[in-house]
Structures are given as C-alpha cells and as structure tokens.
There are 2 protein chains.
Amino acid sequence: MQNTRILLNQRPVGTPSDECWKLETVELPELNENEVLVKTEYLSIDPAMRGWMNEGKSYIKPVELGEVMRALGIGEVIASKNEKYNVGDHVSSALGVQQYAISEGKDFVKVDPNIFPLPAYLGTLGMSGLTAYFGLLDTGMPQEGETVVVSGAAGAVGSVVGQIAKIKGCRVVGIAGGQDKCDYVVNELGFDACIDYKAASLWKNLKEACPAGVDVYFDNVGGEILDTVLTLINKKARIVICGAISQYNSTQREGPKNYLSLLVNRARMEGIVVFDNAANYGVAVAQMAKWIKEGKLNANFHIEEGGVKAFPSVLGKLFAGENTGKMVLKMTE
Amino acid sequence: MQNTRILLNQRPVGTPSDECWKLETVELPELNENEVLVKTEYLSIDPAMRGWMNEGKSYIKPVELGEVMRALGIGEVIASKNEKYNVGDHVSSALGVQQYAISEGKDFVKVDPNIFPLPAYLGTLGMSGLTAYFGLLDTGMPQEGETVVVSGAAGAVGSVVGQIAKIKGCRVVGIAGGQDKCDYVVNELGFDACIDYKAASLWKNLKEACPAGVDVYFDNVGGEILDTVLTLINKKARIVICGAISQYNSTQREGPKNYLSLLVNRARMEGIVVFDNAANYGVAVAQMAKWIKEGKLNANFHIEEGGVKAFPSVLGKLFAGENTGKMVLKMTE
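Here's a quick rundown of the structure.

Reading the values: the criteria
Going along each chain's sequence as written, the residues are numbered from 1 onward. Naming scheme: in the order in which they are written, chains are lettered from A and ligands are numbered from 1. Owing to the predicted nature of the model, reporting of local features is limited to residues with pLDDT of at least 70; listing and counting of side-chain atom pairs is limited to 80 or more, with chain, interface and lining totals taken over all residues. When the copies are superposed, the least-squares fit takes in the C-alpha atoms of residues with a pLDDT of at least 70 in both. For the purpose of contact definition, each residue receives a C-beta atom placed from its backbone, and two residues are in contact when these atoms lie within 7 Å. Axes here mean lines fitted to C-alpha atoms, for a helix over just the part in contact, with angles spanning 0 to 180 degrees between N-to-C directions. Helical segments are the DSSP runs of H or I of at least four residues, strand segments are the runs of E of at least two, and each set is numbered from the N terminus. Note on terminology: angles under 35 degrees are roughly parallel, angles over 145 are roughly antiparallel, angles of 65 to 115 are roughly perpendicular, and the others are oblique. Only Asp, Glu, Lys and Arg are considered charged, only Ala, Val, Leu, Ile, Met, Phe, Trp, Tyr, Cys and Pro nonpolar, and every remaining residue, Gly among them, polar. Think of it as a crowd count around each C-beta: if 20 or more other C-beta atoms lie within 10 Å the residue is buried, if 12 or fewer it is exposed, and in between it is partly exposed, with C-beta placed from the backbone throughout. Arc, as used here, means the arc of the directions from the helix axis to the C-beta atoms.

The two copies are related by a screw operation: chain A maps onto chain B through 180 degrees of rotation and 0.0 Å of translation along the axis, at an RMSD of 0.0 Å. The symmetry that links the two subunits is that of a two-fold axis. Across chain A, the smallest distance between a C-alpha and the rotation axis is recorded for G255(A), namely 2.1 Å. Comparing interface residues between copies, 100% of those in chain A also sit at the interface in chain B, which points to an isologous, same-surface contact.

Let us look at the packing of helix α2 (residues 127–140) of chain A against helix α9 (residues 281–293) of chain A. How two helices sit against one another is set out by the angle between their axes and by the gap between those axes. Residue and element names in this part refer to chain A. The interhelical angle for the contact between α2 and α9, taken along N-to-C directions, is 100 degrees, at an axis separation of 10 Å. Relative to α9, the element α2 is oriented roughly perpendicular. Seen from α2, the contacting residues are G129, L130, Y133 and F134; seen from α9, they are Y281, A284 and M288. For the contact of α2 with α9, the class distribution of residues is 6 nonpolar, 1 polar and no charged.

The next point concerns the environment of T139(B). Residues and elements named next belong to chain B. If you trace the backbone, T139 turns up in helix α2 (residues 127–140). For T139, a count of 20 C-beta atoms within 10 Å puts it in the buried group. Note: C-alpha distance between T139 and E270 (131 residues apart in sequence) is 7.4 Å. When sequence neighbours within four positions are dropped, the list of residues in contact with T139 reads R238, V240, E270 and I272.

This part takes up helix α10 (residues 311–319) of chain A. All names here are of chain A. Among the residues of α10, F311, V314, L315 and L318 are the ones counted as buried. Along the long axis of α10, the arc covered by the buried residues comes to 105 degrees, so they all point the same way. Those residues of α10 that are buried are in contact with β1 (2–8), α1 (48–52), β14 (301–304) and β15 (326–330). Phi for G321, located one or two positions after α10, is positive at around 75 degrees.

Next up, the structure:
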C-alpha cells in the first residue's frame, strides 16, 4: 500500500515557500508486533507549525530536514498488531502530514465520532481548546466582572478563550481581522464586542469597548496589537503570551515598545505552553465537553479539503487569516 | 530667611537640558500651626526622576510645570509648630530640590544618624533598598541554588538586589558598565561574577557566568541588555521589571525583541512599584538594618557635593552611570 506524505525539505526564511516541502509517495512497510496502521482523516493546521520548522532550541524539538512534517491529526485504525487498538477505533495523535501513520500508539488518545464531530477533537476538545482553557484560567486568572481582551478572537484558541471568559462572568472583547469575523465573534460566540484591527483606530475602538480598562489580555498575535493593548491595561493586569502569529513569518522581529506599561501598572506578562498541563487534560476536556453539550461553548471549526497535497497552501491560508474557528485539513483528495 | 530651589520649567524631550529647570531664591513664609521647617541635608538622586518630569498617567502624578522638582531627602527639623517633631529631629520625606521644606510632616519618617549614616536612609534603608527587597523576594522569588542576574549591579537598587540574593543562597551575576564597577561588585559586594556590558560579547560572557542558565533577572536598564538576558533564561524564569534607565532619555523606545522567549520558557515578566508594599516597609527596613549590622549587607552610597545648584548636573551624572551605590546630593554649597 502506498503512502503520500510531505517532508520538510528546507528551513524557511520568512514565509515558507514551495522549496520548503517535498511531496513523495512511498510503499508502506509491514506492521511489526505492537504496531497500528492509522488512516489519517483530519489534520490540525496550527500557527505553531511555523515554529517547528525552525532550527534551534524551543519548547519542542524542531522537525528535522527530511522528516515527515509534524502535524496533529485524527485517524481510523485500519490494521492492528496491538491489543489496545482495534480496527475501526478513532484516535488522535501526532500523525504527521501523510495519508497513513504507523505507530505503537503510545501517544494515542481514543476519540468517539458519535459524541462530537471528529474535527472538534482537534479544536475545542484538542490542543487548541486546552491551550485556551489553561492559559486563560491558570495564567490569566480572570475574575467575575473583569474585562478580558483576546486577539485572534475568531481563531482556534481565541474563540475558546473568549467563550470561557464569558462563562466566568467577564466582559469579553475580541480583536479580529475583518468585519465578517467580528460579526461572527459577537453574534455566534457571544463576545460583548469585537474590534476589527484592519479598520482605522484600533486604539480608539478598543478603548471605547473597554471603558473599565483591560484586566486580562490573551495574546495570540504580538506586534502592534500587543503594543496597543499595553497602553490600556489596568493595575495588576495579566497578559498571557500564547503566540505571536504576526511575527512568525517576519524576518525582523519587533518587541513590545510599550512594555514599560508593565512597570507603571505592576502588571505581568507570562508565556504558556499547553504541554505543562498534561496531567490535567482529562479534567479540562470533560469540563469543555459538558459546556458544549449545555450549549455554552461553540466548538467551531473550518474545514479545508484536498488531502496531503493541499497542506502547503492550507498552511498559507492559516497565516493569511482565512479561517474562522479551528482550521483542519480533510484528507480526502 | 531665604530658600533656593529648582522648579520644573519645561518638559524634556530626550535628555533634560538646562531649559527644563528654573533656579530661584524666595523668602520663606512664617510657619503655620502644625507646620515644621526642615533644612535639607541630602537629596536622593533617582532614575525615576526622569519619569516624574513627563506628562501623562503613570504610577505617580507628574511634577507640574512651575512646581518644585520632586526629590526624596533627609533633613533636620530647625523649627516646629507640630508637637510630633522637635528641633534637632532628622526626618526622611519628599522634601523637593530646595534648601528648606515646610510641611505638616504627614509623610515624615524619623531617622537616627547615630545608628546609620544619613545617606543610608535614602539608599539601602530607603526606597532603593525597599524596591530591591520586595522586587527580588516577592516578585523574583529566588530559590536557594538558583541563578539571579541583576543589571545596574553597582547602582542603588541593583547592589542591594544582588546582596540579598547572595544571602538567600543564590548564584549572583551582575551586569554593570566598566571594569571598575564590576570589580567593586565582585570584591566589595560579594557577587559571584559581574559582566561589563561595555566590553565585547555581553552574550558570551554572560552565558559563561551562568552555566546553569538564568532563573531570575532583575532588570533596571532595559534595551539590549534585557534582550540578551531573554535568550539565556530557564523554564519558569521570573523577570522583574524595575526600571529601564537605557530608555528614559530615549526619544525612540525599543521593546524587547526576544520577548517570545517568555513563551518558549513559560517565563514571566512583571513590573513592580515599591509603594504597593508600604504596609510592610517596617519589617523590610528592620531586616535590612540587621543584615547591615551583621556585615552581610554593604549600605554603599556615592555622595556628590554642591547643593541645589548642582542638581541638574548631578542628575546628568546619574544617567551617565558615574555612581557606585546610591547617589545622593549633599546640600552644603
């Protein structure tokens, strides 16, 4: 049986170009004892992927040149020599950008398509949702009545952050690119307001939407938006640094010029990596599943079609901000 | 009786020029009931003064144009219509850049020149020492065996931070400008190492001095030094933002380009303002006085002579980094 896959061929400078990738089709080996063959159904398309392509020390080891590009995914077990997994099981794991993955299943998490649609397990009930949950609650520490601002508000993590903050009784203001996304964030996700950063006067609009200032800022974007929010924070504010999508493809990184607002306001800026909370994933997933069932949490996702070959262009769409909710790549050709 | 004083005459752009100041001599009014006349003996010369000269919201209201320039100081009561203060008492207070201050004494703290030299009450036992104490212990939270790096290591705050970190059993590495200061920091203050940021290869030297990485960074300077330390922090590091002397006179502020190291390392950057700890000043001063008496803490200071008229040039010397230890201005002409 043949397996089409994408390898990391070259490290990118700035925005990844076609030369970064190598598409190839290889014959699948026979399964060894304890191994499982998984047919990939959905891949999770994440801003973090850009970081994995870089050389150097980070919170996770880089993808090596010539290695299958790392990707989380959901698939179906189609052959098994491991008694823990049966044909027909659905599992979530780091399957990689390929049609089939062979694994001993040590990092597999079983998921049930009869309870939630499969992409939900990559989004709200997967790493994106867990990042939102722990980042907001443990590091942002929002209190009832406080104002929470979140950038990338229509994205996989931001959309969950804002909804959880609403559940916790906060005033929630999103920042997103374009009026359509803003309408979605307010009308479908229930945020109190959402500011289009592409429109004029981000500062003025944000200030009006946060009449009591900003107590928690959950940042997915960095750059000018982070700098703008820094001018509006309250005393003892908490800024959660979850990502900086504006910077990932930049060859000239910018720091937050207004970081001394941390000093004036005795405020805190703290980075998070979801893996640190692995021991508590189960509790968080159970809580979020309950909120989804109660209609309090919208497990939104954005499906792109096209399978392995479409991966480079779909990753580009993510960085262009074309998704609303979790972006997943469906593996049907 | 006449009082020579310096008013804020113009707000600075960049480095304060002579036009910012107005020197004048006025007749002192008679004391009203409850008032005290204090003859200024020492003024505290602080980087924070530059911030007080700016318009706009900060952690303390700005000095108004035409107002006596704000300065902490120590003086002797030479006349009193307030039963709490007797002639001959020494007090610490926001006396301002002037020879004499008249006050009802509500913010006075009595000090005793027989226990410690008067400048020590402005430095290690004053706001500088308190800033070091609370910033390091409450926000930096150093644990025994951890590596603590402090910039401005020969300065009023940094010199105390490093010495307290040594008392707490940490490896302590200073950053200072020039070999003389570095020698002083190691030989007189007992730091494990001190790196001259004016010499080549700050990064390389700092990396060698911190073989186990950086757990706590107490930052008084900002700019490139902050950016360099950010590349060397450990997981869960704490960065205390106390000041940014490299930025105060800059018309083009720079943010820390490497702030995403906070994310990779799940680290925290937090601003501090000493006033928030006012309820606990007494405990901290008692502890530091004990350490001084035990010979564990060197209450170092740097005295400039010249009185009120010398204030603008002495402030310039502070920003040029000419002091070792707390800089005070002695009020004798």
